[in-house]
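What follows is the residue order along each chain.
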Amino acid sequence: MDLGIRNRVAIVAAASRGIGFACARELAREGVRVFLCSRDASHASEAAQKIHEETGGDVAGIACDVTNDADVQAFVNLALKRGGQIDICVTNAGGPPAKSFAETDLDMFRQAFEQNALSAIRLAKLALPGMLDRKWGRIINITSVSVKQPIDGLLLSNTVRAGLTGWAKTVSNEVAAQGVTVNNVAPGYTLTERQDELAEVRGKAAGKSKQEVIESWALQAPIHRMAQPEEIAAAVAFLASERASYITGVTLAVDGGWVKSLL
Ligand code: NAD
């Protein structure tokens, strides 16, 4: 299928590695001009270089902390200056720490809201006006299956991502008639560097090998394996495409069947 987005311009947040990186690479493969960001300038430019070498695509890596207003403004300005416009906005950030309610204080909720809700809203606030002017745009938020089925122990993620999902659905209705779609991709257990590191830590704490921990996560999904970041990115690229023009306001779980609900 030709996704029909060659020469479109995308910003992809938090993309020096993991799911964000895979999204940036998938869009570059489709001929999209990509501006990716990460907090660290060298990590961002190394990621961009790697994608350029693999795909031949036009990719730039910029230092930007998505929780910082000035950084995000500068990131968007740079993409607009060099790319001319922003057609596709993929929001992403690292996840909040795993905590129970007893382990949290109010500042942790504020931080989680900043990192996993306001970061997306902040980017969309800046990217959306141009999309509305040109009557074409795609906003895709990387969230989590926890918005469909909360995960025990991930209280902060369960709480703030649900809020972002409510925001996305409401905004999708406000802008649909002007050619802009707003959707979420909700990954299930995905074997990124972060999950690999986490498996090592959890394994040590529980007297298990890293592989045993990964296996236990994999078996939670009917598909009996973890996702590869590319499999999440493929869904993002589709939702970013011309072909997905009638899909808006949805949360697409890419989870190997992990979510148990009908919808
Ligand atoms: P990761 O830790 O491997 O990658 C996160 C990326 O975000 C890195 O490039 C990091 O540098 C960047 N980053 C973090 N905070 C940032 C900030 N404030 N500003 C700019 N860049 C920042 O994570 P991942 O596994 O790829 O997950 C991506 C998102 O998807 C996270 O929010 C995670 O919670 C969520 N998620 C992941 C899984 C999974 O199994 N991997 C499942 C469900 C949801």
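Everything discussed here concerns the structure shown above.
**Student:** Describe the site of the ligand, naming the residues involved and giving the relevant values.
**Tutor:** Not every one of the 26 residues close to the ligand is listed here, only the nearest: S16, A93, R161, T190 and T192. At 2.6 Å, a backbone N or O of A93 approaches an oxygen atom of the ligand. Coverage of the ligand by the protein chains reaches 90% of its 830 Å² of free accessible surface. Mapped onto the shell around the ligand, the elements with two or more residues apiece are α1 (18–29) and α6 (193–206). Tallied by class, residues from the shell around the ligand come to eight nonpolar, 13 polar and five charged.

**Student:** Tell me about helix α2 (residues 41–55), and please be specific about residues and values.
**Tutor:** Taking 1.5 Å per residue as the helical rise, α2 with its 15 residues ought to reach 21 Å, and the 21 Å between its terminal C-alpha atoms agrees with that figure. Within α2, the full set of buried residues consists of A44, A47, A48 and I51. End-on, the buried residues of α2 take up no more than an arc of 95°, which puts them together on one face. α2 presents E46 and E53 as exposed residues on the side facing more than 90 degrees away from its buried surface. Just downstream of α2, G56 is the residue with a positive phi angle, here 75°.

**Student:** Describe the sheet that holds strand β1 (residues 9–12), listing the residues and the values that go with them.
**Tutor:** Reading across from one edge, β3-β2-β1-β4-β5-β6-β7 is the order of the seven strands in this open sheet, with parallel pairing throughout. What marks the edges here is a single partner per strand, and that holds for β3 (59–63) and β7 (251–254). Mean inter-strand twist for the sheet, computed between neighbouring axes without regard to direction, equals 20°. In this structure, β1 lies alongside strand β4 (residues 88–91), joined through three bridges in parallel fashion. Along β4, the bridge assignment pairs A10 with I88. Those strands touched by helix α3 (residues 69–83) are β1, β2 (33–38) and β3, and its axis lies near 160° from that of β2.

**Student:** Can you tell me about the packing of aromatic side chains, naming the residues and giving the values?
**Tutor:** Applying the stated criterion across every chain yields a total of two aromatic pairs. Relative to F109, the ring of F101 lies with its centre 6.4 Å away and its plane at 75°, an arrangement referred to as edge-to-face. On the basis of relative accessible area, F101 is assigned to the exposed category, the value being 63%. Between Y189 and W217, the ring centres sit 5.6 Å apart and the planes meet at 5°, which makes this aromatic pair stacked. Here Y189 is found in the loop between β6 (180–187) and α6, whereas its partner W217 is found in helix α7 (residues 210–218), with 28 residues between them in sequence.

**Student:** So, the packing of α3 against helix α4 (residues 106–134): which residues are in play, and what are the values?
**Tutor:** Following both chains from N to C, one finds α3 and α4 inclined at 35°, their axes separated by 10 Å at the closest point. Judged by the sense of rotation from one axis to the other, the crossing of α3 with α4 is right-handed. Contact with α3, carried on its side by D69, V72, Q73, F75 and V76, involves R122, L123 and L126 of α4 and no other residues of that element. Across the contact of α3 with α4, the residue classes tally to five nonpolar, one polar and two charged.

**Student:** Account for the environment of V12, naming residues and giving values.
**Tutor:** Positionally, V12 belongs in strand β1. Remark: the alpha-carbon pair of V12 and G61, spanning 49 residues in sequence, is separated by 9.6 Å. For V12, the residues in contact, after removing those within four places along its chain, are G20, C23, A24, L27, V34, F35, L36, C37, F75 and V90.

**Student:** So what's going on with the state of the cysteines? Which residues, and what values?
**Tutor:** Using the criterion set out here, one finds zero disulfides in the structure. The structure places no disulfide on C23, whose sulfur is separated from the nearest cysteine sulfur, that of C89, by 12 Å. Considering cysteine sulfurs only, C64 is the nearest to C37, which forms no disulfide, with 4.0 Å between them.

**Student:** Hey, could you go over the side chain of S241 for me, with residue numbers and the actual values?
**Tutor:** Mapped onto the elements, S241 comes out in the loop between α8 (229–239) and β7. With near-sequence residues (within four places) excluded, S241 lies in contact with L3, I5, W136 and R138.

**Student:** Let's hear about the pattern of salt bridges: which residues, and what values?
**Tutor:** Across all of its chains, the model carries 14 salt bridges by this definition. The partner of E114 in a salt bridge is R122, with the nearest N and O atoms 3.0 Å apart. Classification of E114 by relative accessible area gives partly exposed; the value is 25%. According to the relative accessible area criterion, R122 is buried, its value standing at 11%. A salt bridge links D196 to K210; the shortest N-O distance between them is 3.0 Å. You can see D196 sitting in helix α6 and its partner K210 sitting in helix α7, a full 14 residues away along the chain. Judged by relative accessible area, which is 28%, D196 ranks as partly exposed. Since its relative accessible area comes to 28%, K210 is described here as partly exposed. One salt-bridge network, held together by shared partners, links R25, E26, R29, E54 and E230.

Conventions adopted
Residues numbered from 1 in each chain as written. Predicted model: local features only at pLDDT ≥ 70, side-chain atom pairs only at ≥ 80, totals over all residues. Heavy atoms only, no water. Near = heavy atom within 4 Å. Polar contact = N/O pair within 3.5 Å; in protein donor to acceptor, adjacent residues only side chain to side chain. Areas by Shrake-Rupley, 256 points an atom, 1.4 Å probe, with all protein chains shown as cover. Helix = DSSP H or I, 4+ residues; strand = E, 2+ residues; numbered from the N terminus. Nonpolar A, V, L, I, M, F, W, Y, C, P; charged D, E, K, R; others polar. Expected span 1.5 Å × (residues − 1). Buried < 20%, exposed > 50% of the residue type's maximum accessible area, 1.4 Å probe, protein only. Arc of directions from axis to C-beta. Pairing = 2+ DSSP bridges. Axes fitted to C-alpha atoms, helices over the stretch in contact; angles between N-to-C directions. Contact = heavy atoms within 4.5 Å. Phe/Tyr/Trp six-rings, centres within 6.5 Å; stacked < 30°, edge-to-face > 60°. Left-handed = near helix turned anticlockwise from the far one by under 90°. Disulfide = S-S within 2.5 Å. Salt bridge = Lys/Arg side-chain N within 4 Å of Asp/Glu carboxyl O.

All we've got here are geometric facts, nothing functional implied.
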